[in-house]
Amino acid sequence: MARVALVTGGTRGIGEAISVGLKNAGYSVAATYAGNDEAAAKFKEETGIAVYKWDVADFEACKEGIAKVEAELGPVDILVNNAGITRDTTLHRMKPEQWSAVISTNLDSLFNMTRNVIDGMRERGFGRIISISSINGQKGQFGQANYSAAKAGVIGFTKAVAQENAAKGVTVNVVSPGYIGTEMVRAVPEEVLNSKILPLIPVGRLGEPEEIARCVNFLASDEAGFITGSTLSINGGQYMA
Ligand code: NDP
């Protein structure tokens, strides 16, 4: 039986590439999303991957959603915590809602999701938790106190949970992308991209979502069983942690 992989925010952007990469590697994949039904329907039609809608910031919704996935596909062996949002503004302008939305979607979600799969992984003696952080969680970013705090929290969470579960065959790791050529980044005017963004990246180009997906695939594999608590930076040399 194929192992089951659940990818939060797996219907668009980097998450879409991760879902497709895992499917192509032979996993049985569930992709979740928050509200964009149109994008999810298109993704399902194109890939044949099962989609599920719930808010990762809501603990009870995660519990119910995971129970549904497990009833339909089987126990979750690989969890990819990818769903994330930004609400950028400088701290002196930031409203409590902008802080809370980013912390709950990007960081509370790790507790909400991982807490609801960890018992099963420990019982079965195998599991992979892979969470997507960001270069801006490692180095900080102007206008992103909320996002940088949440993404740095992803790394701390991972190091603690990795220690707790290492002896049970469960590895816990972070993938930390730099600038990736998703729709959002590609919408930046070419002149801004060429003059402001690309000069920061020694490799001289944006990353591809598939480059993130390949690392997730590796960390999910049996071959990566000795890697836990680590952060894999995929940023073209922009920041070397
Ligand atoms: P996108 O905005 O393209 O896609 C986000 C996905 O997450 C969508 O499927 C969205 O669902 C889902 N999502 C958002 N909020 C929730 C929620 N509350 N509950 C459930 N699902 C939710 O994101 P990216 O591909 O750009 O980013 C993916 C991850 O990579 C994020 O964690 C991001 O912080 C990180 N990252 C991205 C970088 C980049 O260059 N793009 C760089 C560094 C890190 P729906 O479609 O319904 O909205």
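Please read these numbers as outputs of a predicted model, since none were measured by experiment. (Residues numbered from 1 in each chain as written. Predicted model: local features only at pLDDT ≥ 70, side-chain atom pairs only at ≥ 80, totals over all residues. Heavy atoms only, no water.)

Draft legend 1. Spatial organisation of the overall build of the protein chain. Each helix and strand in the protein chain was counted, giving 10 helices and seven strands. In terms of overall dimensions, the protein chain is globule-like: its C-alpha atoms have a radius of gyration of 17 Å, near the 18 Å expected for 241 residues. Overall size of the protein chain, expressed as C-alpha extent along the three principal axes, is 50 × 40 × 35 Å. Out of the 241 residues belonging to the protein chain, those deemed buried represent 49%. In the protein chain, the share of contacts with a sequence separation of at least 24, taken over all contacts with a separation of at least 6, comes to 70%. (Helix = DSSP H or I, 4+ residues; strand = E, 2+ residues; numbered from the N terminus. Rg over C-alpha atoms; globule rule 2.2 N^0.38 Å. Buried < 20%, exposed > 50% of the residue type's maximum accessible area, 1.4 Å probe, protein only. Contact = heavy atoms within 4.5 Å.)

Draft legend 2. Representation of the packing of aromatic side chains within the structure. What the rule picks out here adds up to one aromatic pair. Look at Phe-59 and Phe-111: their rings are 5.7 Å apart centre to centre, the planes differ by 25 degrees, and that puts the pair in the stacked class. Here Phe-59 is found in helix α3 (residues 59–73), whereas its partner Phe-111 is found in helix α4 (residues 96–114), with 52 residues between them in sequence. Taking relative accessible area as the criterion, Phe-59 reaches 27% and is therefore assigned partly exposed. Over the aromatic face of Phe-126 sits the side chain of Arg-3, whose NZ or CZ is 3.7 Å from the ring centroid. (Phe/Tyr/Trp six-rings, centres within 6.5 Å; stacked < 30°, edge-to-face > 60°. Lys NZ or Arg CZ within 6 Å of the ring centre and 35° of its normal.)

Draft legend 3. Seen up close, the side chain of Ser-134. Along the polypeptide, Ser-134 turns up in the loop between β5 (127–132) and α6 (135–139). When residues no more than four places from it in sequence are discounted, the contact partners of Ser-134 are Tyr-147, Lys-151, Ser-176 and Pro-177.

Draft legend 4. Inspection of the site of the ligand at higher detail. Looking at the ligand, there are 27 residues lining it, with Arg-12, Gly-35, Asn-36, Asn-82 and Tyr-147 nearest. One of the backbone N or O atoms of Ile-14 is found 2.8 Å from an oxygen atom in the ligand. Separating an oxygen atom of the ligand from a side-chain N or O atom of Tyr-147 is a distance of 2.5 Å. In isolation the ligand offers 910 Å² of accessible surface; the protein chains occlude 88% of this area. Those elements giving two or more residues to the shell around the ligand turn out to be α1 (13–24) and α7 (145–165). (Near = heavy atom within 4 Å. Polar contact = N/O pair within 3.5 Å; in protein donor to acceptor, adjacent residues only side chain to side chain. Areas by Shrake-Rupley, 256 points an atom, 1.4 Å probe, with all protein chains shown as cover.)

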